[in-house]
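# Chains, contacts and geometry: an overview
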Amino acid sequence: MTEHGQPPESLTRSRPARPEEARIWLAAQQGADDLAPAICTATLPVPGCEPGAVVAALVQGVLARPELTRHYHFDASGELRVELTPRGPDLWLRALPAATEAGSAIETVAATPWDLATGAPLRFVLALAPEAARLALIRHPIAADLPESAALLAALAPQAQTGTPSDPADAIERIILSEFRAALDAPQMTATCDFFDLGGHSLVATRVIGRLAAEHGLTLRFADIFTHPTAAALAPLAQRAPHTAPAPVEIRRSADPAGRAPLSLAQQSLWKIHAALGFGPAFNIPFVLRFLDPVDETTFAASFRDLLERHPALRSRFVPEGEAMVQETVPMAEVDRLDWFRPSGPVTEAAPVLATEATHAFDLTRELPLRLRFLRTAEGQMLSFLFHHVVLDEWSVNLMMDELACAYAARAAGRAPDWAASAAPFHAFARAQARAGIDARALDHWVTALRDAPPPRPIRAPDAPPLPLAQLGSAEGGWCEIAVPPAVCEGLHALAKTCSASLFNTVYAAISVTLQRLAGLEALTVGTSASGRTDPAYFDTIGYFTTVTAHCLRAPGHLSPRALITEVRDRINASLPHSEIPIDLVEAALSGGTAPLDAHMFEVFIQIHAQNKLNGTLAGPQGPIRFRQVDPDKAESVLGLQFEVVEDVIEGARGLRVMMSYRHAHYSADDVAALVAAVGRSLAAFAAPGAADRPFDALLP
């Protein structure tokens, strides 16, 4: 047995053992006989196998992943801790007279007693014979949380082929499956599970494809994941690319003593409209959580403070610098003096308080871009969880909720959270984007695609009476929910699968054709959101990357749901590589710079809210603390007509909601009723058996 590359003690980190690890540790100490290690083997090419190269690759890969060589001990308080010291692999070298002895040699190593206080939970065996070579990974049950053994072998020893030499796609399949599981938080997923059935959509696909390229040197097209949505089906399509180290990411604060950074392109776009609307609450994100179990508000405040320290973008202040706005990091000492968190006091009616909080007008030059306020009602605790959009996007919300759960569990146990890795700061992204400038080819993509798009207009029936002009410029509005019964939800999921598309593609198409037919339009320009994250280095960064994009669609009566869904899917997928260009730059290019700042080239906006983690649990000392999102009331609408497609999975049950918000100046009460009824009918029609290939004239009379 050999160990390599011991690091200095200064690199040692630790974390508390997870409950399952503690259970297995105790069972191992008691001599349990059901803790047999798992063995995964791979072949190495002979001739051509260079043992030194295999060992070097293992050492380099394992040193970069301290979880692979972790060990366990009890601290002074009696808590089981996990030491994460970067060190080389627990590698056993075996020279054998014949390949037939490899299995026995590997089994002997697996049967050797484990000492998890000093040894790693993974062992590697390199068995060399004159005519064959085998590499084995032996995993103790305490390491069940690590990626699959075959995927680890493929990543750590690229020379190896898991399974038989005639099946090189097997290792790739396992890598893809590992990334699917991580992105969807679905450890139960198998190689034949559908990516979209478990909550996948274009934002998650962006993450998966980016990580496959950056971490594993595997390239896939966005279209591939939609037409082949299982790991088994995708593996043969993946192409090996030269694996290059990712560009270094700036993780330290700028030399500027104030930690200043320019606004990103997406932030600049939002800020222009924010200013044009008078810096009001139009860009507030007023989340509300209802706790079904008691939550410790002091612990919650400490946990969120941990997030503010980890993600400086959440404690940004926006100040003028010459003719531009810049963002600067508020020091944590000052954060502790600011009024951003209020514990609960008893209230009789929560609604007025929540409405006041939701419409708070942030002074972003002085205060943090967030406000947390607890309320205590007869039904229990509620939280007004208010953010300004300029520091938080859809992707970041789920990251934030995952990390908040981690921090709360730690603080509830009386300790600080131990983050698995550092998160690249958003301000570094903004600086890098400013240095790179605007991608002319990406801008040209949008200008070409939207050059002939029709001008926006309210979606009203041709015979609808004129609206009064008094409120024409007002952003006042309302919202309502379009009910989607469970049977319709399941039918839409089935149609999406039939069309090799996502549920969002399917609902997007249904809403688009509905609006065109209701208003008698030949074409409709629809705005939507894109992640804006094309660099995997920032996939775990909280900030505002999201851009607004647009697509011009036509849905004549002879077209079918399959044809339109395919068009929507392909338009969105083809545009994702260009998603860093905000819509205001496109509008300026198309109009020669004359487009008004507070208006867009589209009236309709459709966006997805999937894998909503605002419905979940926190880990408390007395058990899970459940919380559910409460839909906030909306008094303003930046856009004329907006549809939010909400995919929920609550306690294993899959659901779908469509929230519609609108401007009063553009839509009367009768218009709203007509829109709700028409969209509801179309969703039901799309969900009906056999709808995929029926022409719209027959499907939607």
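Residues numbered from 1 in each chain as written. Predicted model: local features only at pLDDT ≥ 70, side-chain atom pairs only at ≥ 80, totals over all residues. Heavy atoms only, no water.

## Side note on the packing of helix H15 (residues 440-450) against helix H19 (residues 583-591)
Viewed as axis vectors pointing N to C, H15 and H19 meet at an angle of 60°, and their least axial separation amounts to 10 Å. Taken as axis vectors, H15 and H19 run oblique relative to one another. Handedness of the crossing formed by H15 with H19: right-handed. Within the contact between the two elements, H15 uses Leu443, Trp446, Val447 and Leu450 and H19 uses Ile583, Leu585, Val586, Ala589 and Leu590. Looking at the contact of H15 with H19 residue by residue, the class counts come to nine nonpolar, no polar and no charged. (Axes fitted to C-alpha atoms, helices over the stretch in contact; angles between N-to-C directions. Helix = DSSP H or I, 4+ residues; strand = E, 2+ residues; numbered from the N terminus. Parallel < 35°, antiparallel > 145°, perpendicular 65-115°, else oblique. Left-handed = near helix turned anticlockwise from the far one by under 90°. Contact = heavy atoms within 4.5 Å. Nonpolar A, V, L, I, M, F, W, Y, C, P; charged D, E, K, R; others polar.)

## Quick word on the sheet that holds strand S12 (residues 284-291)
Taking strand neighbours across the sheet as the criterion, the six strands line up as S15-S16-S17-S12-S23-S22 in an open arrangement whose pairing is mixed. The open sheet has two edge strands with one neighbour each: strand S15 (341-342) and strand S22 (616-620). Taken together, the five bridges between S22 and strand S23 (residues 623-629) define a ladder with antiparallel strand orientation. Note on S23: the bridge partner recorded for Leu618 is Ile625. Of the strands in this sheet, S12, strand S17 (380-388), S22 and S23 are in contact with helix H13 (residues 394-412), which crosses S22 at around 20°. (Pairing = 2+ DSSP bridges.)

## Brief notes about the environment of Ala22
If you trace the backbone, Ala22 turns up in helix H1 (residues 19-29). Residue Ala22 is classed as partly exposed on the basis of its relative accessible area, which comes to 30%. Each C-alpha atom of the pair Ala22 and Glu79 lies 9.5 Å from the other, and the pair is 57 residues apart in sequence. Those residues in contact with Ala22, other than ones at most four positions away along the chain, are Ala17 and Leu80. (Buried < 20%, exposed > 50% of the residue type's maximum accessible area, 1.4 Å probe, protein only.)

## As for the sheet that holds strand S13 (residues 316-321)
Here we have three strands laid out as an open sheet, ordered S11-S14-S13, and antiparallel in their pairing. The open sheet is flanked by strand S11 (260-262) and S13, the only strands paired with a single partner. Between one strand and the next, the sheet's axes are offset by a mean angle of 35°, whatever the strand orientation. With respect to the sheet, helix H14 (residues 426-436) is in contact with S11, S13 and strand S14 (324-329), its orientation differing from that of S11 by roughly 45°.

## A few points about the pattern of salt bridges
Scanning all chains against the criterion turns up 39 salt bridges. Here Arg211 makes a salt bridge to Glu179, at a shortest N to O gap of 2.8 Å. Separated by 32 residues along the polypeptide, Arg211 in helix H6 (residues 202-216) and Glu179 in helix H5 (residues 169-184) bring together distant segments of the chain. Across the pair Asp306 and Arg411 runs a salt bridge whose closest N-O atoms are separated by 2.8 Å. Taken together, the residues span a long stretch of sequence, with Asp306 in helix H10 (residues 297-310) and Arg411 in helix H13 at a distance of 105 residues. Residue Arg411 is classed as partly exposed on the basis of its relative accessible area of 30%. Here the residues in one salt-bridge network are Arg15, Arg18, Glu21, Glu67, Arg70 and Asp145, joined through shared partners. (Salt bridge = Lys/Arg side-chain N within 4 Å of Asp/Glu carboxyl O.)

## With respect to the environment of Val630
Along the polypeptide, Val630 turns up in the loop between S23 and strand S24 (641-650). Val630 gets classed as partly exposed once you look at its relative accessible area, which sits at 24%. Along the sequence, Val630 and Pro286 sit 344 residues apart, while their C-alpha atoms lie 9.9 Å from each other. Each residue touching Val630, except ones within four places of it in the same chain, is listed here: Val288, Arg290 and Met382.

## Concerning the environment of Leu618
Relative to the elements of secondary structure, Leu618 occurs in strand S22. Placed 217 residues apart in sequence, Leu618 and Met401 show a C-alpha to C-alpha distance of 9.5 Å. Among all residues touching Leu618, those that are not within four sequence positions of it are Phe291, Val295, Phe300, Leu404, Ala405, Tyr408, Gly623, Pro624, Ile625 and Phe627.

## Topic: helix H9 (residues 265-276)
In this model H9 runs 17 Å from its N-terminal to its C-terminal C-alpha over twelve residues, within 8% of the 16 Å that 1.5 Å per residue would give. Residues of H9 that are buried: Leu265, Ala266, Gln267, Ser269, Leu270, Trp271, Ile273 and His274. Just downstream of H9, Gly278 is the residue with a positive phi angle, here 80°. (Expected span 1.5 Å × (residues − 1).)

## Brief notes about the pairing of strand S16 (residues 370-377)
Counting buried positions along S16 yields six of eight residues, so the element is predominantly enclosed. The pairing of S15 with S16 spans two bridges and is parallel. Each residue of the ladder has a partner; that of Arg342, found in S16, is Arg373. A crossover connection joins S15 to the parallel S16 through helix H12 (residues 350-358); in handedness this β-α-β unit is right-handed. Two elements, S16 and S17, share eight bridges in a ladder whose sense is antiparallel. Bridge pairing links Arg371 to Leu386 in S17. (Right-handed = clockwise from strand over helix to strand, strands pointing away.)

## So, the confidence of the model for the chain
Mean pLDDT over the chain stands at 85; residues scoring 70 or higher make up 89%. Taken together, the stretch residues 1-11 has pLDDT below 50 and engages in 24 contacts with residues farther than four places along the chain or on a different chain. Within the model, pLDDT remains below 50 along residues 162-168, and this stretch shows twelve contacts once partners closer than five positions in the same chain are excluded. (pLDDT = per-residue confidence, 0-100.)

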